[in-house]
Amino acid sequence: MNINQNYLKLEDSYLFSTIAKKVAEFTKEHTEKQIIKLGIGDVTLPLAPVVVEAIKEAADEMGKRETFRGYGPEQGYAFLRESIKNYYSKKSVELESDEIFISDGAKSDLGNILDIFGLDNTVLVPDPVYPVYVDTNIMAGRKIIFADANESNEFLPLPDENVKCDIIYICSPNNPTGSVYTKEKLAKWVDYALKNDAIILFDAAYECFIKSHELPSSIYQIEGAKDCAIEFCSFSKTAGFTGTRCGYTVVPKSLIKQGASLNKFWVRRQTTKFNGVPYIVQKAANAVFSDVGQLQIKENIQYYSNNAKIIAETMDKKGIWYTGGKHSPYIWLKCPNNMSSWEFFDYLLNNIAVVGTPGSGFGRNGEGYFRLTSFNNTEKTIEAMKRFSDLI
Ligand code: MLT
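Predicted model, so just to flag it, every value in this text is computed and none were measured.

Student: With reference to specific residues and values, describe the overall build of the protein.
Tutor: Across its full length, the protein holds twelve helices and 15 strands. Relative to its length of 392 residues, the protein is compact, with a C-alpha radius of gyration of 21 Å against a globular reference of 21 Å. For the protein, with 392 residues in total, the buried portion stands at 55%. A sequence separation of at least 24 residues applies to 74% of the contacts in the protein between residues at least 6 apart. In the structure as shown, the protein presents an accessible area of about 17,800 Å², 50% of it carried by carbon and sulfur atoms. Positive and negative side-chain charges in the protein, numbering 44 and 48 respectively, have mean positions lying 2 Å apart.

Student: Lay out the site of the ligand in plain terms, naming residues and giving numbers.
Tutor: Taken together, Phe16, Ile40, Gly41, Tyr130, Asn175, Tyr206, Lys237, Tyr330 and Arg371 form the complete shell of residues around the ligand. One nitrogen or oxygen atom from the side chain of tyrosine 130 is found 2.5 Å from an oxygen atom belonging to the ligand. Contact between the ligand and lysine 237: an oxygen atom at 2.9 Å from a side-chain N or O atom of the residue. Relative to its unbound accessible area of 270 Å², the ligand is 84% covered by the protein chains. Considering only residue class, the shell around the ligand consists of five nonpolar, two polar and two charged.

Student: Hey, could you go over the nonpolar core for me, with residue numbers and the actual values?
Tutor: By size, the foremost hydrophobic cluster in this structure holds 60 residues, and its most contacted members are Ile200, Phe235, Phe241 and Tyr248. Considering each element in turn, this core owes the most residues, five residues, to helix H6 (residues 183-196). Apart from the residues within four sequence positions on either side, isoleucine 200 is in contact with Ile168, Ile170, Trp189, Val190, Ala193, Ile219, Cys228, Ala229 and Ile230. Ranked by size, the runner-up nonpolar core spans 35 residues in total, among them Ile331, Leu333, Met339 and Leu349.

Student: Please provide a residue-by-residue account of unusual backbone geometry, values included.
Tutor: With an omega of -5°, the peptide bond running from serine 172 to proline 173 counts as cis. Checked against the element boundaries, proline 173 lands in the loop between strand S5 (167-171) and H6. In this chain, asparagine 175 is followed by proline 176 through a cis amide linkage whose omega measures 20°. Checked against the element boundaries, proline 176 lands in the loop between S5 and H6. Phi at serine 92 is positive, roughly 65°, even though this residue is not glycine. Examined against the element boundaries, serine 92 turns out to sit in the loop between helix H3 (78-90) and strand S2 (100-103).

Student: Outline a nonpolar patch on the surface, supporting the account with residue identities and numerical values.
Tutor: On the surface, Met1, Ile3 and Leu8 cluster together into a nonpolar patch covering about 410 Å² of accessible area. Secondary-structure assignment places isoleucine 3 in the segment before helix H1 (15-29). Since its relative accessible area comes to 46%, isoleucine 3 is described here as partly exposed.

Reading the values: rules and limits
Residues numbered from 1 in each chain as written. Predicted model: local features only at pLDDT ≥ 70, side-chain atom pairs only at ≥ 80, totals over all residues. Heavy atoms only, no water. Helix = DSSP H or I, 4+ residues; strand = E, 2+ residues; numbered from the N terminus. Rg over C-alpha atoms; globule rule 2.2 N^0.38 Å. Buried < 20%, exposed > 50% of the residue type's maximum accessible area, 1.4 Å probe, protein only. Contact = heavy atoms within 4.5 Å. Areas by Shrake-Rupley, 256 points an atom, 1.4 Å probe, with all protein chains shown as cover. Lys, Arg positive; Asp, Glu negative; His and termini not counted. Charge placed at Lys NZ, Arg CZ, Asp CG, Glu CD. Near = heavy atom within 4 Å. Polar contact = N/O pair within 3.5 Å; in protein donor to acceptor, adjacent residues only side chain to side chain. Nonpolar A, V, L, I, M, F, W, Y, C, P; charged D, E, K, R; others polar. Core = buried A, V, L, I, M, F, W, Y, C linked by side-chain atoms within 4.5 Å. Patch = residues over 30% accessible without salt bridge, like charges linked within 9 Å, V, L, I, M, F, W, Y side chains within 5 Å. Salt bridge = Lys/Arg side-chain N within 4 Å of Asp/Glu carboxyl O.

Written as structure tokens, this is what we have:
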């Protein structure tokens, strides 16, 4: 028996688990303090009423012999794939419904997709970035190289023709920095991928926060992307599904590599290793696309965007450099007084009981930066920013 030695190369624990542990210890020692969490990007508003109604109806169906369902299609029910197809159509992206795969969230599929790629590929990951891209490739033992994101490129790295890679991760709006690629900049990555026969894994989990039609909310809005990109999205941030679990992955049929269809590979992978998302959850997700569902989730997104504005205004007042917040639930700020990311984390926790996420947890270039999320409620966000203003 041999263990997967690659696991020994990972950090001891996943970033958000480390933070949760630290916060739990602090809470135990300081029961008198009212902690405000602006750390992990977890939503706080309840599910939209139309979604709750759909869950109840689906539960009733499952309780009746005539409408009970057992195993569903591994790729997702046709009704939900069709709704997502129509959603893309409104963004001027035409997909076929069998290019859409329902998942239990973007995080799972961002890791699972690696099953269909060889281990000898070189992976390019922006730094800083959502830690899942790096950790899943370390687990598999792939070579990882980094594209520097920093203030000079507005945390939006562009391809370098001298750097060769096979699998490219892009997250826009970006987690953690909140930066968003313009169509022109995203097109440079698509051009690079087409020219170098590389694949882009595009994480669109935060697309619902984009407020301008000028900015791409899907990579398929860029010409040529269907020949080089797989897109991942989720209902977590869009409709508050962090605990309900549903997402989708788009694998275009035009993605043919070395004569093989990646869409077919993905079908083969999913039918073997996945039994699909629960019917009840897919019905819930489908309700999001109804007219009333769209209105209800937009209200929630607007609520979080207002919180982001409150945080951004505090940074403006304090003269603290930041990015994000406008088309993203994240504010990415420079730690004051040259503090390191973890120093600033401890400083905020110990002095004002506010929790954020240390930028260094997202990569080397994140050192000296810090991420705040707008997913808490408005009262707590205002209170956290009041404490922040009094301290800094
Ligand atoms: C984050 O805080 O970066 C996200 O909540 C993580 C996730 O979506 O898995």
